[in-house]
Structure formats: C-alpha cells, structure tokens
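Architecture and fold: a report
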Amino acid sequence: MTAKEYLNRARELNYKIKLLYNRIDELKALEASVPGCNFDAVVVDKTRDLEAPFVKYIYKRMETEELVKKEEARLIEVTNEIASTISEVESPTHQQLLRLRYLDFMTWNDIASEMGYSLDNVYKLHRQSLKKIIV
C-alpha cells in the first residue's frame, strides 16, 4: 500500500458513508410511497404473503443504518490512525497540508488558498509530504 492509498482510506470511507445516507433517504421515500396491503380484497390464494409491501424497505433501511454505524466507527479509527501518522512528519507545513487534504477532505484549490501557496507549489509540497510518510 502506498502512502497515498493509506491516507485516502478516510476519504473513501467518508464517501461510502455519504452514499449509505443517500440510500437511507431513498428507502425512507420508498417506505412512504408504497401503499399497504388491501385486506378488504377477496383472497384467491391462501398462501399469499399478507405483509405490507413497504415492510421490506423498512428492514433494508434498518440494515443500512446499522452498516452506517459500523462504518462511522471504522472511520473514527482510521482517522485517528492517519492523524497519528501525519503527526510523525517533522515539518509543520507538511503536516498542515496532509491534514487539510486527508482529514478535512479539502480540494486542492481550497488548500492552496488556505495555505497561501500557488496550486503548483501545493502539488510539489504534497509530493514531498508523501515521501515522508512511513506506511
């Protein structure tokens, strides 16, 4: 695993959690939009399922919410691990760059304006910073 892959784990987990939250919102919409069973209708087949159709969306939402909790706990662990690795870098400038990029998930343009460097200098500094990371 390269230093960049190691540091990007938190970003990837954060993205996955956002996707799971979007999925939860979709499932909530499906829960609300699906009508319940019609118990007044004549039963033709005695083996049919009388469970409301939206119940499966409720179960899926609950499973997804549990997965989000696990992934958020994992994100905290990975973030702490990455933060301790970044703190081992000697240069405070390199530490700041790595924190902004891999813990605050900032874009390159935002990092450049935050640090007061040009975009090219930020890229150069980033390459130097990655060489100092021991994985």
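About the criteria used
Residues numbered from 1 in each chain as written. Predicted model: local features only at pLDDT ≥ 70, side-chain atom pairs only at ≥ 80, totals over all residues. Heavy atoms only, no water. Core = buried A, V, L, I, M, F, W, Y, C linked by side-chain atoms within 4.5 Å. Buried < 20%, exposed > 50% of the residue type's maximum accessible area, 1.4 Å probe, protein only. Helix = DSSP H or I, 4+ residues; strand = E, 2+ residues; numbered from the N terminus. Contact = heavy atoms within 4.5 Å. Expected span 1.5 Å × (residues − 1). Arc of directions from axis to C-beta. Polar contact = N/O pair within 3.5 Å; in protein donor to acceptor, adjacent residues only side chain to side chain.

Bringing the nonpolar core into the picture now. Nonpolar side chains in soluble globular proteins tend to end up buried together. The biggest cluster of nonpolar side chains holds 16 residues, and the ones touching the most others in it are Leu7, Ile82, Ile86, Leu98 and Ile133. Sorting the residues of this core by element identifies α1 (3–7), α2 (9–33), α3 (55–87) and α4 (92–102) as the ones contributing at least two each. Setting aside residues no more than four positions away along its own chain, isoleucine 86 makes contact with Leu7, Gln95, Leu98, Arg99 and Leu103.

Here helix α6 (residues 119–132) is 14 residues long and its end C-alpha atoms lie 20 Å apart, about the 20 Å a rise of 1.5 Å per residue gives. Turning to α6, its buried residues number three or more, namely Val122, Leu125, His126, Ser129 and Leu130. When α6 is viewed along its axis, its buried side chains cluster within an angular range of 140° and face the same direction. Exposed side of α6, more than 90 degrees from the buried face: Asp120 and Lys131 are the residues found there. On its buried side, α6 packs onto α1, α4 and α5 (108–115).

For arginine 61, the location among the structural elements is in helix α3. The class for arginine 61 is buried, based on a relative accessible area of 16%. At a separation of 2.5 Å, a polar atom in the side chain of arginine 61 contacts the side chain of glutamate 31.

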